[in-house]
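# A structural walkthrough
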Amino acid sequence: MNVRSKSMTREIVEAGLAKRRRKDRVFRTLGLLSTAVGLVFLITFFATLASQGASAFKQTHIILNIELSRELLAPDGPFDIDYADFDAVVRQALRRELGDVNGRRDRREMNRLLSIGAAYQVKDTIAKNPDLLGSTLKMLLPVSADVDMLLKGNIDRDLEQSQRPLSDRQIEWVDRLIEKDRLVSRFNSALFSNGDSREPELSGIRGALMGSVYMLLITILIAFPVGVATAIYLEEFAPRNFWADLVEVNINNLAAVPSIVFGLLGLAVFINWIGVPRSSSLVGGLVLALITLPVIIIASRAAIKAVPPSIREAATGLGASRMQVVAHHVLPLALPGMLTGAIIGMSRALGESAPLLMIGMVAFIVDVPAGFTDPATALPVQIYLWADSPERAFAERTAAAIIVLLGFLLLMNLAAVIMRRRVERQW
Amino acid sequence: MQLTTIILLLGSASAAAYYFGTQRSLRVVGGQHRLPQLHSLPAYHGYFVLIRTLLPALAVLLVWLLVEPKIIMALIVRHLPEAERSMSSGQLDLLLNNIQNLAIGDVVSGKVNGLLSENAARFVAYSTASRQLLAATCLGIAFLGGVFAWRKIRADFRARTKVERMLTVALMAASSVAILTTIGIVFSVLFEAIRFFREIPVSEFLFGLNWSPQTAMRVDQVGSSGSFGAVPLFAGTLLITVIAMLVAVPVGLMTAIYLAEFSSTRFREIAKPLLEILAGVPTVVYGFFAALTMAPAIRRAGEAVGLSVASESALAAGLVMGIMIIPVVSSLSDDAIKAVPRAMRDGALALGATRSETVLQIILPAALPGIVGGILLAVSRAIGETMIVVMAAGLAANLTANPFHAVTTVTVQIVTLLVGDQEFDSAKTLAAFALSLMLFVVTLGLNIVGLHVVRKYREQYE
């Protein structure tokens, strides 16, 4: 190559250099933008959820002077708590507060300001302390979801009367109550202590949460021992034969089967064939166990593989049998890694909802389940059910339930991360 | 006798078995100081006796509990008067249910009459007898098993070998659960699907253009003949999957490239875990977001430019699903990019290529098989995804390629057909199983090919 052609090459390269550098910058910017898309979505996502759900943690209550008069509660003489008309007591108190409630129409409209839970709350108070009968009590009672929504600014006052859930008269009353400082916003304890309800202001996630807890108990009790045993078998005992290959192929494929298909398995095998009660946390836990099994097996195998062979060789050299090597040395060293995998599997199971729809866990269940065979629902399914409800008040509750669910998931994943950091060991 | 009592009794029996086993092994050699004469440590003898005590009894317990309700019901039916026995199976089931509910103190539908209370008493009597018999049998078997095992203990008895062999068998049994699950899935879906295809020809299901699974309840009913052409569902699934992939593949791939090749270590260490959060968010949460935030936003945007957008558009579901899949694509692409040997990268840079030229001309072609495999796995995720589409895509089986229209998918229809009352003799319920069969086969195929490609490629550079 002579000097001339060398400098020509140089010229060609230099001529294209600016263009190439520009292309490089464009490409780099595109990459940064893509990363930003994910991050921006993440922020929008959580910001939306937080802004939608935060208000659900507060609930409007009304302060009323409840006169627990015998005339109203026990008109025929003896007081029977099951037949006493507590609604009348609460309504009378509100009527006295408002003053100008005349006629049946007015009264009906006024009644709708209160939650049906208000009367039950008075009843529970009396049930706990029957001596209160005849006295006057200052009580904090829940108002209806519509009033709550009005105070939270979710109902547009400027709309035509027929377009909004509260009439002009009702809004006027509410304003009067606000002026008198009768309406207060308190922590929404019903959200955490009640089961599901048709009334938004009385509905809570406790039933769903307990259902999830029962299910996860079953899941971990089945999936962890079986998963660890499978991992030990495959890593330490299985000869390289057809059976081991078959198990391996199956695990990889099960990890990728859509979860809804597991729900069909639960429906056909557990419910129709074996006869496990439908909608129970038992059948839900069984299905979730099968879904998390591959996750736990894969994590456990990785943990066992990370134990250096020198430890096995040393133990074998001292005369330990293969089972003793595994039980005394490999398993204790691999256990933290296995537990990390189990926590991650559990957090997957906690968020799973599609298979639960197949096995009847979408039913409307008011009671908090008290056992493994009681009809139950799960937290994500509760979210699905509430998201489907048309009431505006359920939308904020859905977001609140999501915040609780994400909180649990965050805790579980943090636990897994901390555990992994702590046990990460360089051999 | 309560079930918990039986289990507690068995528990204490096994504790006793362990104790007597270890004691006997020590006694046969004559005490602690002559332990070396024993083939296995005393604990192994204990475990041996324990397993022999507990295992057969537990097996009997399990079988008993599975069979017990059926036998009791059969006995009660045999004692029913002729009139009740000749009732239809549905009515008979209702009666038996009532008897059982009355017996255990649950809510009974209808009035409690003499027949009911008489049979409830019989039910209680049978149950009590059955449980007593069960307790006796279990404890007897446990005792016999324990005693036989206990008598076997000698100084040269290979208790450890026996125990370890039993444990190995248990481990192997555990590993068979994975296989049993697959078999369970295949059979539970296949059998019902075959029943469906007996009523509806396969060709109509696969190529029919009209999906309306409502079948007539009465013969003379108008308008709901039930047609099971699944093409609109496949098209809807495809449309949403394509939208999701159009979001996830470019964004996920570019993210992986940027984080692996361009970004600073600090940025990567923050951005990567944050993006992985997206993969951990439950799908029902994405569904909520798609239905209540994304869909109205798209609708408003569409109206602003004069487009008519359905409130449950394919676009909303597809976009959100795409975002959900970004981490899947980016982490699998990241693996593929990382697997490209350093030398290839350095060689390109040394020859004067810019970073982007290195990526586009050297790294991407080398990593392509791995990336394609990852994308196949992501497609299979998108097809099988349920909650987002159930909440954000509609039920209307429209055959359209317009992303602003409502479409429905295979998974949505499975959920719709199976939530609520199920009759396992109607084509409507069975159709869900035929759809699931399709879903299972397609996702399985994608996974097998995807995993194969990913793995084969990984081996190339190792």
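Residues numbered from 1 in each chain as written. Chains lettered and ligands numbered in written order. Predicted model: local features only at pLDDT ≥ 70, side-chain atom pairs only at ≥ 80, totals over all residues. Heavy atoms only, no water.

### Details of the overall build of chain B
On a plain count of helices and strands, chain B comes out with 16 helices and 2 strands. Taken over C-alpha atoms, the radius of gyration comes to 32 Å for chain B, far larger than the 23 Å a tight globule of 462 residues would show. Along the three orthogonal principal directions, the C-alpha set of chain B runs to about 85 × 80 × 40 Å. For chain B, the residues scored as buried account for 45% of the 462 residues in total. Taking the intrachain contacts of chain B between residues at least 6 apart in sequence as the baseline, contacts between residues at least 24 apart amount to 72%. By element, 65% of the accessible surface of chain B is carried by carbon and sulfur atoms, the whole surface being about 22,600 Å². Averaging the locations of the 34 positively and 27 negatively charged side chains of chain B gives two centres separated by 15 Å. (Helix = DSSP H or I, 4+ residues; strand = E, 2+ residues; numbered from the N terminus. Rg over C-alpha atoms; globule rule 2.2 N^0.38 Å. Buried < 20%, exposed > 50% of the residue type's maximum accessible area, 1.4 Å probe, protein only. Contact = heavy atoms within 4.5 Å. Areas by Shrake-Rupley, 256 points an atom, 1.4 Å probe, with all protein chains shown as cover. Lys, Arg positive; Asp, Glu negative; His and termini not counted. Charge placed at Lys NZ, Arg CZ, Asp CG, Glu CD.)

### A few points about the overall build of chain A
In terms of helices and strands, chain A carries 17 helices and 3 strands. Relative to the globule expectation of 22 Å for 427 residues, the C-alpha radius of gyration of chain A, 31 Å, shows a markedly less compact shape. Scored against the burial criterion, the 427 residues of chain A give a buried share of 50%. Partitioning the intrachain contacts of chain A with sequence separation of at least 6 by distance along the chain shows that 75% fall at a separation of at least 24. Carbon together with sulfur atoms contributes 58% to the accessible area of chain A, which is approximately 20,800 Å² in total. Charged side chains of chain A number 46 positive and 41 negative; the gap between the two group centres comes to 12 Å.

### Brief notes about the domain arrangement of chain A
All names here are of chain A. Split into domains, chain A comes out as domain 1 (62-188) and domain 2 (206-423). A straight line from the C-alpha centre of domain 1 to that of domain 2 covers 46 Å. Interface area for domain 1 against domain 2, summed over the two sides, is near 390 Å², with a carbon-plus-sulfur share of 45%. In terms of surface lost to domain 2, no three residues of domain 1 exceed M149, N154 and N188, which account for 73% of the buried area on that side. Where domain 1 meets domain 2, there are 1 salt bridge. E396 is paired through a salt bridge with K152; the nearest N and O atoms lie 2.9 Å apart. Broken down by class, the residue content of the side of domain 1 that touches domain 2 amounts to 2 nonpolar, 2 polar and 2 charged. (Domains from an automatic or database assignment. Buried area = accessible area lost by both parts, 1.4 Å probe. Salt bridge = Lys/Arg side-chain N within 4 Å of Asp/Glu carboxyl O. Nonpolar A, V, L, I, M, F, W, Y, C, P; charged D, E, K, R; others polar.)

### Remarks on the pattern of salt bridges
Residues and elements named next belong to chain B. Throughout the structure, instances matching the rule amount to 28 salt bridges over all chains. Residue E164 pairs with R160 through a salt bridge whose shortest N-O separation is 3.3 Å. With E164 and R160 both in helix α6 (residues 159-199) and 4 residues apart, this pair spans about one turn of that helix. With a relative accessible area of 11%, E164 lands in the buried category. Residue R299 is joined to E303 by a salt bridge in which the shortest nitrogen-to-oxygen separation is 3.9 Å. Placement of the pair is R299 and E303 together in helix α10 (residues 283-304), with a separation of 4 residues, close to one helical turn. R299 sits in the partly exposed class, given a relative accessible area of 33%.

### Side note on the interface of chain B and chain A
On the chain A side, the residues contacting the 76 residues of chain B number 70 residues. Here chain B and chain A share an interface that buries about 6,300 Å² over both sides, 78% of which is from carbon and sulfur atoms. Between A:R20 and B:E357 there is a salt bridge; the shortest N-O distance is 2.7 Å. For the side of chain B that touches chain A, the leading source of residues is α6(B), giving 17 residues.

### Things to note about the pairing of strand β1 (residues 58-67) of chain A
All names here are of chain A. Counting buried positions along β1 yields 7 of 10 residues, so the element is predominantly enclosed. The pairing of β1 with strand β2 (residues 136-142) spans 7 bridges and is antiparallel. For N65, the partnering residue across the bridge sits in β2 and is K138. (Pairing = 2+ DSSP bridges.)

### Here we look at the nonpolar core
B:F196, B:W211, B:I257, B:Y286, B:I325, B:I414 and B:L435 are the most contacted members of the largest nonpolar core, which totals 187 residues. The element that contributes the greatest number of residues to this core is helix α8 (residues 231-262) of chain B, accounting for 17 residues. Setting aside residues up to four positions removed in sequence, B:I257 forms contacts with A:F27, B:F262, B:I337, B:V359 and B:L364. Listed in part, the 38 residues of the second largest apolar core include A:L113, A:V122, A:L137 and A:I171. (Core = buried A, V, L, I, M, F, W, Y, C linked by side-chain atoms within 4.5 Å.)

### Observations concerning a positive patch on the surface
On the surface, A:K19, A:R21, A:R22, A:K23 and A:R25 cluster together into a patch of positive charge. One can find A:R22 in helix α1 (residues 3-53). (Patch = residues over 30% accessible without salt bridge, like charges linked within 9 Å, V, L, I, M, F, W, Y side chains within 5 Å.)

### Remarks on the packing of α8(B) against helix α13 (residues 355-384) of chain B
Residue and element names in this part refer to chain B. At a minimum axis separation of 10 Å, α8 and α13 run at an interaxial angle of 140°. Taken together, α8 and α13 sit at an angle that is classed as oblique. Crossing handedness for the pair α8 and α13: right-handed. Of the residues in α13, those in contact with T237, T241, M245, V249, L253, I257, E261 and F262 of α8 are R355, S356, V359, I363, L364, I371, I375, A378, V379, A382 and I383. Tallied by class, the residues present in the contact of α8 with α13 amount to 14 nonpolar, 3 polar and 2 charged. (Axes fitted to C-alpha atoms, helices over the stretch in contact; angles between N-to-C directions. Parallel < 35°, antiparallel > 145°, perpendicular 65-115°, else oblique. Left-handed = near helix turned anticlockwise from the far one by under 90°.)

### As for helix α16 (residues 379-388) of chain A
Across the 10 residues of α16(A), 8 count as buried, placing the element largely inside the fold. Every buried residue of α16(A) is listed here: A:L379, A:P380, A:V381, A:Q382, A:I383, A:Y384, A:W386 and A:A387.

### Some thoughts on the sheet that holds β1(A)
Pairing between the strands of a sheet is mediated by backbone hydrogen bonds and can be parallel or antiparallel. Residues and elements named next belong to chain A. Reading across the sheet, the 3 strands line up as β2-β1-β3 and stay open at both edges, with antiparallel pairing between neighbours. Two strands close off the open sheet at either side, each with one partner strand: β2 and β3 (183-187). Sheet twist, expressed as the average angle between the axes of neighbouring strands with direction ignored, equals 40°. Judged from the 5 bridges that link them, β1 and β3 form a sheet pairing that is antiparallel. Bridge pairing in β3 places K58 opposite F187. Strand contacts of helix α3 (residues 86-98): β1 and β2, with the helix running at about 90° to β1, the strand carrying the most contacts.

### With respect to a nonpolar patch on the surface
Taken together, the side chains of A:W273, A:I274, B:V63, B:L66, B:V67 and B:I71 present a nonpolar region at the surface, about 610 Å² in accessible area. Contributing elements (two or more residues each) for the nonpolar patch: α11 (259-274) of chain A together with α2 (42-79) of chain B. The element contributing the most residues to the nonpolar patch is α2(B), with 4 residues. Summarising the element assignment, A:I274 is placed in helix α11. Residue classification places A:I274 among the partly exposed residues on the basis of a relative accessible area of 39%.

### Section: unusual backbone geometry
Glycine aside, negative phi is the norm for most residues, and most peptide bonds take the trans geometry. Residues and elements named next belong to chain A. Of note, the phi angle at D181 is positive, near 60°, even though the residue is not glycine. Within the secondary structure, D181 is located in the loop between α7 (168-179) and β3. Given a relative accessible area of 58%, D181 falls into the exposed group. Its identity is not glycine, yet S279 carries a phi of approximately 65°, on the positive side. Within the secondary structure, S279 sits in the loop between α11 and α12 (281-305).

### Describing the packing of aromatic side chains
Tallying each qualifying case throughout the model produces 23 aromatic pairs over all chains. Residues A:F41 and A:F45 carry aromatic rings whose centres are separated by 5.2 Å and whose planes lie at 20° to one another, so their mutual orientation is stacked. Placement of the pair is A:F41 and A:F45 together in helix α1, with a separation of 4 residues, close to one helical turn. Taken as a pair, A:F41 and A:F45 share a single burial class, namely buried. Relative to A:F192, the ring of A:F187 lies with its centre 6.0 Å away and its plane at 5°, an arrangement referred to as stacked. Ring pairing ties together the aromatic residues B:F196, B:F197, B:F205, B:W211, B:F228 and B:F234, which thus form one cluster. When the ring centre of A:F364 is taken as origin, the NZ or CZ atom of A:R198, which lies over that ring, is 3.7 Å away. Positioned above the aromatic ring of B:W150 is the side chain of B:R24, whose terminal nitrogen or guanidinium carbon lies 4.5 Å from the ring centre. (Phe/Tyr/Trp six-rings, centres within 6.5 Å; stacked < 30°, edge-to-face > 60°. Lys NZ or Arg CZ within 6 Å of the ring centre and 35° of its normal.)

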